[in-house]
Protein chains: 2
Amino acid sequence: MSGESCLTGMKILDLTQFEAGPSCTEALAWMGADVVKIENPKSGDPGRTTLGQPGRDSNYFFQYNANKRSVAVDLKDPRGVELIKAMARQADVMIENFAPGAVERLGLGPDVIRAVNPSIIYCQVKGFGAGSPYEKSLAFDMIAQACGGLMSVTGDEAGLPCKAGATVGDTGTGMVMAISILGAYVRRLRTGQGEHLQVAMQDAVMHYIRNAFTVMERTGGKPAPRAGSRTVGGGNPPIGVYPCKGGGPNDYVYIFTSRANPEHWTRLLKVMGREDLIGDPRYATPEARTERREEVDAIVSAWTRQHDKHEAMRLVSHATVPAGAVLDTAELAADRTFQARGIRQTMKHPRAGEYVMSGWPVRFGGQTPPLGPAPLLGQHGEEVLAEWLKMEHDEIDALRAQSVVG
Amino acid sequence: MSGESCLTGMKILDLTQFEAGPSCTEALAWMGADVVKIENPKSGDPGRTTLGQPGRDSNYFFQYNANKRSVAVDLKDPRGVELIKAMARQADVMIENFAPGAVERLGLGPDVIRAVNPSIIYCQVKGFGAGSPYEKSLAFDMIAQACGGLMSVTGDEAGLPCKAGATVGDTGTGMVMAISILGAYVRRLRTGQGEHLQVAMQDAVMHYIRNAFTVMERTGGKPAPRAGSRTVGGGNPPIGVYPCKGGGPNDYVYIFTSRANPEHWTRLLKVMGREDLIGDPRYATPEARTERREEVDAIVSAWTRQHDKHEAMRLVSHATVPAGAVLDTAELAADRTFQARGIRQTMKHPRAGEYVMSGWPVRFGGQTPPLGPAPLLGQHGEEVLAEWLKMEHDEIDALRAQSVVG
């Protein structure tokens, strides 16, 4: 980024764990906010061992906690609670995603914190909203995907509900909260007003399946179906994945011919060397092709099978028909252009060494924000308490001796 | 929202269409920004007919364009281009998601606009990033899902790559751009600095499948697999959807027992009345249960089949084991608590009448932002040109007579 960081000076007191909360604060950290992660001194964020690597923090943890600082504080100790309140007085934002009711039981709920700092933006991420029948239930990404409708519209037509491979319930929630925090922060800069933000993962998932609701409305209220690789609205053929050379689980190319653009079908026929079918009434309209879906898919597959997915994508997309190879994680990781463009970056971690990971996908003046390593547990206790609370070395040492700070 | 809107005074010149761009600017409109949608006078945003309803704008369009204003401008006319430049001088943000190269050909590229307004935040959404081998290719949501790795990790283990039912390529991209715009806007308020923001849908999709990359790294670089209803990391049984009474396509309950919490399995056994299995070494550890996955799934299914999904969810989640009914769009739409909580709201549209739709999922002081209807094509030409450019009625009439403004 050219110039100073976007969010220089913004102080975030981050009591979140796992992914929905940490993905939110990480986005803000990447734009320059000072994100201080509060963790329990014994084991820290349980995300440190999720999908774990033995003997060190997991790559999962690295992925959601880059560019943050860590302070280990015992929240079961009243002095730890007081320390958090003192930090909340200095913070612009406080955020938590504990189980329902937990932060209030700790004595750090919205009423308490907003009383000590009326202009703070106090943020809560839960599985279900206050007023929902499931208000007190726990949620993880998959539960939010089940209850937010996403699984009902993901998977093969005749198959079981599937989980989307994207963590829409976690990172999807984190993103809408990050937007809301920044909106409230803009107003706070202007007016000094604090805010209480709440998001439920179930509700956030619904934000990402709005097309499915639209499809339901078009069909008189019938639940939107699963549609395999096609869109939730069904679309007209050719649409979906077509098999390519290689025969592996991801040797497919996606081809999309839009109803809005009748040229897509004609252009595709030319790419496939099937000019003989141009204007053929059996396939000339979206309706005709929908009636003969199997024939159309067979015509397209006969051509795609002769090419590998990269070549098929190149040929079809160069003819200005939307097409995409189904790329797997290993192929994406091997594509060095992501590193050249700063989308994936090498992080230098004090314990794990060098590690390539995905950073913020948006470029500012041609550059993505630089990644810093995720913190070790309690790594920044001394420097943060000195900076935020002007505490002296001796005071901090005393808190350490009493195990209030780890 | 209590107090004034978060983004009051923020002016956004919005040249986007379909979903990736409009979902971004809509989030900002919901927080109070003045979003002026520029559309071609003939037919407007092609999203107006996507998944269409005959004789009026589609619900798809309503869903992504609430709370915006519309000005119809002919960008093929040099006077139309000059009008956009004049508006860009007044705007804080300009955003476009045309096909690669199109905005530059119109004479409204970043160099031109940033020359007339150096402090503007100029934003571009494309399918692929500059420097990517696919830089010039078109993308829609499904192409981004294919090329961003999401389809490779969605679907049944032995099945084809599936499209996630969430528009991660579109709305997912819109959300990361909205965060970046607000970050840049905060800096602009502080320093006056403009910015050039660029996001590619392929890169944005990768942001939502970071767990899949972590799984790949743990397994020595093997592509992360599809895992049906389980998590991309596989997890240990019970995990996934289990069949419930009713037998319909979504009569399933998701049950998740975490490796990190051995109590989940014991609690579940109690709920199922299978105390006899507590401590049974065949199932006592995650490893043992993984070895006997089919047996474990059979034990759980035998119980879930006796209950409907709502009851199963209630019983399991009340025992503090994460569980969620697989809800479909019709069931979610029928649940009135979403309206009571403001997550779904009734919009009053001048042509379509009353229409219930999902709004912003985050609550500010207990309330979601109120929804306003999506604009008719060119509905706000006169008022916007008067407000933004101080144009007189006669001047605007002249532009109308020349078909520069619709």
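Throughout, residues of each chain are indexed from 1 in the direction in which the sequence is written. For this description, chains carry letters from A and ligands carry numbers from 1, given in the order in which they are written. With the structure being a predicted model, the display of local features is reserved for residues of pLDDT at least 70 and the display and counting of side-chain atom pairs for 80 or more, all residues being used for whole-chain, interface and lining totals.

### Regarding the overall build of chain A
Point 1. Helix numbers and strand numbers start at the N terminus; a helix is a DSSP run of H or I with at least 4 residues, a strand a run of E with at least 2. Across its full length, chain A holds 17 helices and 12 strands.
Point 2. Projected onto its principal axes, the C-alpha positions of chain A cover 85 × 45 × 45 Å.
Point 3. Partly exposed residues are those falling between the two cut-offs: more than 12 but fewer than 20 other C-beta atoms within 10 Å of their own, whereas 20 or more means buried and 12 or fewer means exposed, with C-beta atoms placed from the backbone. With 406 residues in all, chain A has 59% of them scored as buried.
Point 4. It is the C-beta atoms, placed from the backbone, that decide contacts: two residues are in contact if theirs lie within 7 Å. Put simply, 67% of the contacts in chain A that link residues at least 6 apart link residues at least 24 apart.

### Observations concerning the sheet that holds strand β4 (residues 93-96) of chain B
Point 1. Two strands form a pair only when DSSP identifies at least two bridges running between them. Judged by pairing direction, the sheet is mixed, and its seven strands sit side by side in the order β12(A)-β6(B)-β5(B)-β4(B)-β1(B)-β2(B)-β3(B) without closing on themselves. Two strands close off the open sheet at either side, each with one partner strand: β12 (363-364) of chain A together with β3 (69-72) of chain B.
Point 2. For strand β1 (residues 11-15) of chain B and strand β2 (residues 34-39) of chain B, the ladder comprises four bridges, and the chain directions are parallel. For B:K11, the partnering residue across the bridge sits in β2(B) and is B:D34.

### Observations concerning the domain arrangement of chain A
Point 1. The domain limits used here are those given by an automatic or database domain assignment. Domain assignment breaks chain A into domain 1 (11-207 + 336-401) and domain 2 (239-243 + 252-325).
Point 2. One C-alpha centre belongs to domain 1 of chain A, the other to domain 2 of chain A; they are set 44 Å apart.

### Quick look at the interface of chain B and chain A
Point 1. Of the residues lining the interface, 118 residues belong to chain B; the matching set on chain A comes to 119 residues.
Point 2. Looking at the side of chain B that touches chain A, the element that brings in the most residues is helix α7 (residues 171-191) of chain B, giving 16 residues.
Point 3. Residues are sorted three ways: Asp, Glu, Lys and Arg are charged, Ala, Val, Leu, Ile, Met, Phe, Trp, Tyr, Cys and Pro are nonpolar, and all the rest, Gly among them, are polar. A per-class count over the side of chain B that touches chain A returns 66 nonpolar, 38 polar and 14 charged.
Point 4. By the bridge criterion, two bridges tie strand β6 (residues 195-200) of chain A to strand β12 (residues 363-364) of chain B in an arrangement that is antiparallel. Note on β12(B): the bridge partner recorded for A:L197 is B:F364.

### A word on the sheet that holds β12(B)
Point 1. Spatial ordering of the open sheet is given by β3(A)-β2(A)-β1(A)-β4(A)-β5(A)-β6(A)-β12(B), a layout of seven strands whose pairing is mixed. Two strands bound the open sheet, and with one partner strand each, they are β3 (69-72) of chain A together with β12 of chain B.

### Some points on the environment of B:N211
Point 1. With respect to the element layout, B:N211 can be found in helix α9 (residues 210-218).
Point 2. Its 26 C-beta neighbours within 10 Å are what place B:N211 among the buried residues.
Point 3. Sequence-wise, B:N211 and B:T231 are 20 residues apart; in three dimensions their C-alpha atoms are separated by 9.3 Å.
Point 4. With residues near it in sequence (within four places) discarded, B:N211 still touches A:Y60, A:T167, B:V232 and B:G233.

### Examining the environment of A:N261
Residues and elements named next belong to chain A.
Point 1. With respect to the helices, strands and loops of the structure, N261 is situated in the loop between β8 (252-256) and α10 (263-271).
Point 2. Take N261: there are 15 C-beta atoms within 10 Å of it, and that puts it in the partly exposed class.
Point 3. Along the primary structure N261 and V321 are separated by 60 residues, whereas in three dimensions their C-alpha atoms are 9.6 Å apart.

### Let's talk about the relation of the copies chain B and chain A
Point 1. What sets the superposition is a least-squares fit of C-alpha atoms, and only residues with pLDDT of at least 70 in both copies go into it. Overlaying chain B with chain A gives an RMSD of 0.0 Å, the required rotation being 180° about an axis along which the chain moves by 0.0 Å. When the rotation and shift are considered jointly, the pair of chain copies conforms to a two-fold rotation axis.
Point 2. Of the residues that chain B buries at the interface, 100% are likewise interface residues in chain A, meaning the two copies contact each other through the same surface.

### Considering the pairing of strand β1 (residues 11-15) of chain A
Each regular strand displays side chains that alternate between the two surfaces of the sheet.
Residues and elements named next belong to chain A.
Point 1. Buried residues dominate β1, accounting for five of its five residues.
Point 2. Residues K11, L13 and L15 line one face of β1 and the alternating positions I12 and D14 line the opposite face, and both faces are buried.
Point 3. Orienting the strands away from the viewer, one traces the path from the first strand over the helix to the second; a clockwise path indicates a right-handed crossover. Read as a crossover between parallel neighbours, the route from β1 over helix α1 (residues 20-30) to strand β2 (residues 34-39) is right-handed.
Point 4. In terms of strand pairing, β1 meets strand β4 (residues 93-96) through four bridges, oriented parallel. Within β4, the position partnered with L15 by the bridge is E96.

### A short note on the confidence of the model for chain A
Point 1. Values of pLDDT, the confidence the predictor places in each residue, fall between 0 and 100. Overall, the predicted model of chain A reaches an average pLDDT of 96, with 99% of residues at or above 70.
Point 2. If you check the scores for this complex, the pTM reads 0.98 and the ipTM reads 0.98.

### Here's the deal with the nonpolar core
Point 1. With 256 residues, the main nonpolar core has A:I181, A:V253, B:I181 and B:V253 as its most contacted residues.
Point 2. Sequence-distant contacts of A:V253, defined by excluding residues within four places in its chain, comprise A:V241, A:Y242, A:C244, A:T304, A:K309, A:A312, A:M313, A:A323, A:A325 and A:V326. Under the definition applied here, buried Ala, Val, Leu, Ile, Met, Phe, Trp, Tyr and Cys residues are grouped into a nonpolar core through C-beta atoms within 7 Å.

### Side note on α7(B)
Residues and elements named next belong to chain B.
Point 1. Helix span, expected: 1.5 Å multiplied by one less than the number of residues in the helix. With 21 residues, α7 should cover 30 Å at 1.5 Å per step; its first-to-last C-alpha distance of 30 Å lies within 8% of that length.
Point 2. Along α7, 18 of the 21 residues are buried, which leaves the element largely enclosed by surrounding structure.
Point 3. Downstream of α7 by a residue or two, G192 has a phi angle that is positive, lying close to 80°.

### Some thoughts on helix α13 (residues 309-318) of chain B
Residues and elements named next belong to chain B.
Point 1. Along α13, the residues that are buried comprise K309, A312, M313, V316 and S317. The buried residues of α13 occupy an angular sector of 110° when the element is viewed end-on, so they sit on one face.
Point 2. If you follow the buried residues of α13, they end up packed against β8 (252-256), α10 (263-271), α12 (293-304) and β9 (323-325).
Point 3. Immediately downstream of α13, the backbone of T320 shows phi near 60°, a positive value. Think of the arc as the fan of directions from the helix axis to the C-beta atoms.

### Things to note about the environment of B:R89
Point 1. Here B:R89 is to be found in helix α3 (residues 78-90).
Point 2. Among all residues touching B:R89, those that are not within four sequence positions of it are B:V116 and B:N117.

### Thoughts on the pairing of strand β11 (residues 353-358) of chain B
Residue and element names in this part refer to chain B.
Point 1. Pairing of strand β10 (residues 344-349) with β11 involves six bridges; the strand directions are antiparallel. Paired with M347 across the strands is Y355, a residue of β11.
Point 2. The antiparallel pairing of β10 with β11 creates a hairpin that spans three residues between the two strands.

### Regarding unusual backbone geometry
Point 1. Between A:P237 and A:P238 the backbone carries a cis peptide bond, its omega angle lying at -5°.
Point 2. Structurally, A:P238 is set in the loop between α9 (210-218) and β7 (239-243).
Point 3. A positive phi is found at A:N67, a non-glycine position, where the angle reads about 65°.
Point 4. Its location among the elements puts A:N67 in the loop between α2 (59-65) and β3.
Point 5. For A:N67, a count of 25 C-beta atoms within 10 Å puts it in the buried group.
Point 6. Phi angles above zero are rare outside glycine, and B:K390 is one such case at about 55°.
Point 7. Accessibility expressed as a C-beta count within 10 Å gives 9 for B:K390, which makes it exposed.

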